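Chains, contacts and geometry: an overview
What follows is each chain in one-letter form.
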Amino acid sequence: MIRQVYPDRWFAWTIAVIFIIFLVTWGAVERYSIELDAANDGVATAILTSTESQISSESESTRNIKPTFGIQRTLVVLVNSSYLVSHNLRLISKERARDAVFNRTNAFISENSYGKTSMKGRVVGPYFIDTNDPEIDNSKIFELAAKDVDLLKYDRVIVFSSVSSRSTVGKQKFTTPDGEAYFSIMYNDYTDDVGYPLSHEFGHSLGMMHTGFLRCDMRNTRANDCQISSEAAGPFDPMGVGTGHYTAAYKDLIGWFSPQQAIIAKNNGIYRLEPLETNSNGPKTIKVPLGDNLYYYLEYRQPYDGVLLYVSPKHISGWGGGSEVHLFNPRGQTELELITTHTLKVGETFTDSNGIKISVVKANSVRASVSVRFLKQ
Ligand SMILES: [Zn+2]
């Protein structure tokens with residue numbers, strides 16, 4: 001029978017070779033999908049953003065957020081191209097790029113980190129690449145910039161070009177003409193459209209993912225149970241759709257809080273909370289432990305008249321790599337509505353299914369007082 005189906009030996013060998021090629025290819029695809037799954041678990045991290053496509057990034061045993069302190073040596077690269085010229089799009093000038101990064105974004109980062117992190121560096125270019133493709137390979141950009149600078153001397157690379165806005169999540173290794181470099185790379189629009197886009201993508205460069213909104217009623221759900229989050233939906237901070245400070249949870253994960261600024265509420269008590277924006281060594285967040293290294297992060301923003309509750313660090317995959325920090329509504333609303341309905345106001349109490357009771361006792365322009373009680377203690 002077999003001889004009838006495979007009359008010649010060469011035919012059998014051909015089948016065998018095709019089968020081996022199939023196995024090898026299938027193995028590679030499988031491996032790739034495992035890597036993506038790992039990224040979704042937050043074990044290895046992926047990247048993302050505005051169009052937010054995926055770029056692979058370093059894999060680590062922990063999340064990609066690392067403490068980031070001190071001066072970030074930052075290289076800004078301007079890349080003009082035939083694509084921009086033929087579409088009548090004007091690349092940002094050197095002066096405006098310098099202002100956008102080293103004045104405005106630097107001020108934002110410095111303020112958010114309470115002076116713990118800042119950016120210093122230079123702007124190179126504009127270089128010209130003769131291509132009608134808006135996407136430009138990293139290696140092309142490194143090749144051009146390496147003519148003017150030593151790429152190994154930078155922690156952050158920021159590119160203004162036709163490439164759509166996105167960033168690596170944290171730093172990763174790159175092969176450059178100067179050798180193996182380790183930095184974050186973030187792409188910005190060619191224009192001087194700064195503010196939200198720069199603080200969002202730079203947040204990714206620092207290792208932050210998106211701020212989502214938990215779409216389940218946390219009064220009746222344990223925080224670990226909820227797996228539904230609207231991606232990049234946080235209305236207050238740049239990792240969502242806001243323009244205020246990064247959330248307290250991300251600041252904590254990035255190491256910007258001193259022990260006095262991030263208080264862990266282990267016992268029943270009244271805890272003081274200062275506005276997140278105030279540059280002082282007072283408490284900027286209260287972390288209420290939920291077990292499994294998960295916390296409610298309480299933060300108090302100005303000019304809002306109540307306290308916000310977030311759940312973190314909890315990776316829920318989604319657009320642009322997903323979210324690690326999630327706002328939720330203490331009233332149990334599962335849709336984002338008016339943002340003022342998301343604060344827990346003076347006199348209001350939130351009780352969750354873990355038996356944790358959080359009440360806002362007082363709130364004025366300088367502080368809020370919050371009562372935390374563990375009913376099952
Ligand atoms: Zn993003």
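Residues numbered from 1 in each chain as written. Predicted model: local features only at pLDDT ≥ 70, side-chain atom pairs only at ≥ 80, totals over all residues.

Comments concerning the overall build of the protein chain
The number of helices and strands found in the protein chain is seven helices and 20 strands. Out of the 377 residues in the protein chain, the part that is buried amounts to 45%. (Helix = DSSP H or I, 4+ residues; strand = E, 2+ residues; numbered from the N terminus. Buried ≥ 20, exposed ≤ 12 C-beta atoms within 10 Å, placed from the backbone.)

A few points about unusual backbone geometry
Residues Gly125 and Pro126 are joined by a peptide bond in cis, for which omega reads 5 degrees. In this structure, Pro126 sits in strand S4 (residues 117-129). Along the chain, Gln302 connects to Pro303 via a cis peptide bond; the corresponding omega equals 5 degrees. Mapped onto the elements of the fold, Pro303 is located in the loop between strand S14 (294-300) and strand S15 (306-312). A positive phi angle is found at Asp292, which is not glycine, with a value near 55 degrees. Tracing the chain through its elements places Asp292 in the loop between strand S13 (285-291) and S14. Assessed through the 9 C-beta atoms surrounding it within 10 Å, Asp292 is described here as exposed. Even without being glycine, Asn293 reaches a positive phi, approximately 60 degrees.

With respect to the pairing of S15
Along S15, seven of the seven residues are buried, which leaves the element largely enclosed by surrounding structure. Where S14 meets S15, six bridges bridge the pair, whose relative direction is antiparallel. Among the inter-strand pairings, Glu299 is bridged to a residue of S15, identified as Leu308. In sequence, S14 turns back onto S15 through a hairpin of five residues. Alignment of S15 against strand S17 (residues 344-345), held across two bridges, turns out to be antiparallel. The residue of S17 that forms the bridge with Gly306 is Lys345. In the sheet, S15 pairs with strand S16 (residues 323-328) via three bridges, with the strands oriented antiparallel. Directly across from Tyr310, in S16, lies its bridge partner Leu327. (Pairing = 2+ DSSP bridges.)

Regarding the nonpolar core
Counting residues in each nonpolar core, the largest one holds 84 residues, and the members touching the most others are Val159, Val307 and Val370. Apart from the residues within four sequence positions on either side, Val307 is in contact with Leu273, Leu298, Tyr300, Thr343, Leu344, Val360, Ala368 and Val370. (Core = buried A, V, L, I, M, F, W, Y, C linked by C-beta atoms within 7 Å. Contact = placed C-beta atoms within 7 Å.)

Some remarks on the pairing of strand S20 (residues 368-374)
Looking at chain direction, strand S12 (residues 269-273) and S20 are connected through five bridges and run antiparallel. Across the sheet, residue Tyr271 finds its bridge partner in S20, namely Val370. Bridge count between strand S19 (residues 356-363) and S20: seven bridges; the pairing is antiparallel. Paired with Ile358 across the bridge in S20 is Val372. If you look at the hairpin formed by S19 and S20, you'll find four residues sitting between the two strands.

Side note on the environment of Ala223
Residue position: Ala223 is located in the loop between strand S9 (210-214) and strand S10 (229-230). The buried category is assigned to Ala223, around which 24 C-beta atoms lie within 10 Å. The spacing of Ala223 and Asp352 is 129 residues in sequence and 8.8 Å in space, taken between C-alpha atoms.

Section: the sheet that holds S12
With respect to topology, four strands assemble into an open sheet ordered S12-S20-S19-S18, the strand pairing being antiparallel. The two strands at the open ends of the sheet, each matched to only one other strand, are S12 and strand S18 (349-351). The sheet shows a mean angle of 20 degrees between the axes of neighbouring strands, taken without regard to direction. (Axes fitted to C-alpha atoms, helices over the stretch in contact; angles between N-to-C directions.)

Digging into the environment of Ser229
With respect to the helices, strands and loops of the structure, Ser229 is situated in strand S10. Sequence spacing of Ser229 and Cys216 is 13 residues, and the spatial spacing of their C-alpha atoms is 8.2 Å. Apart from the residues lying within four places of it in its own chain, the contact partners of Ser229 are Gly212, Phe213, Leu214, Arg215, Ile316, Gly318, Ser323 and His326.

Focus: the environment of Gly255
By the element assignment, Gly255 lies in the loop between helix H7 (248-254) and strand S11 (262-264). For Gly255, a count of 16 C-beta atoms within 10 Å gives the class partly exposed. In sequence terms Gly255 and Ser113 are 142 residues apart; their C-alpha atoms lie 8.8 Å from each other. Setting aside its immediate chain neighbours within four residues, Gly255 contacts Pro67, Thr68 and Phe69.

Looking at helix H4 (residues 94-112)
Here H4 spans 25 Å end to end across 19 residues, near enough to the 27 Å set by a 1.5 Å rise per residue. Maximal helix bending in H4 amounts to about 35 degrees, located at Asn106. Taken together, the buried positions of H4 are Ala97, Ala100, Val101, Thr105, Asn106, Phe108, Ile109 and Asn112. Tyr114 sits one or two positions beyond H4 and adopts a positive phi of about 55 degrees. (Expected span 1.5 Å × (residues − 1). Bend = angle between axes of the 7 residues up to and from the residue.)

A short note on helix H5 (residues 138-145)
Buried residues of H5: Ile141, Leu144 and Ala145, and no others. An end-on view of H5 places all buried positions within 95 degrees of arc, on one side of the element. Where H5 is buried, its residues meet strand S3 (70-81), S4 and strand S5 (156-160). (Arc of directions from axis to C-beta.)

Description of the confidence of the model for the protein chain
Residues of the protein chain with pLDDT of at least 70 account for 81%, and the chain-wide mean is 84. Taken as a whole, residues 19-51 scores under 50 in pLDDT and shows 51 contacts with residues more than four places along the chain or in a different chain. Per-residue pLDDT stays below 50 along residues 53-62; that stretch engages in 23 contacts with residues further than four places along the chain or on separate chains. (pLDDT = per-residue confidence, 0-100.)

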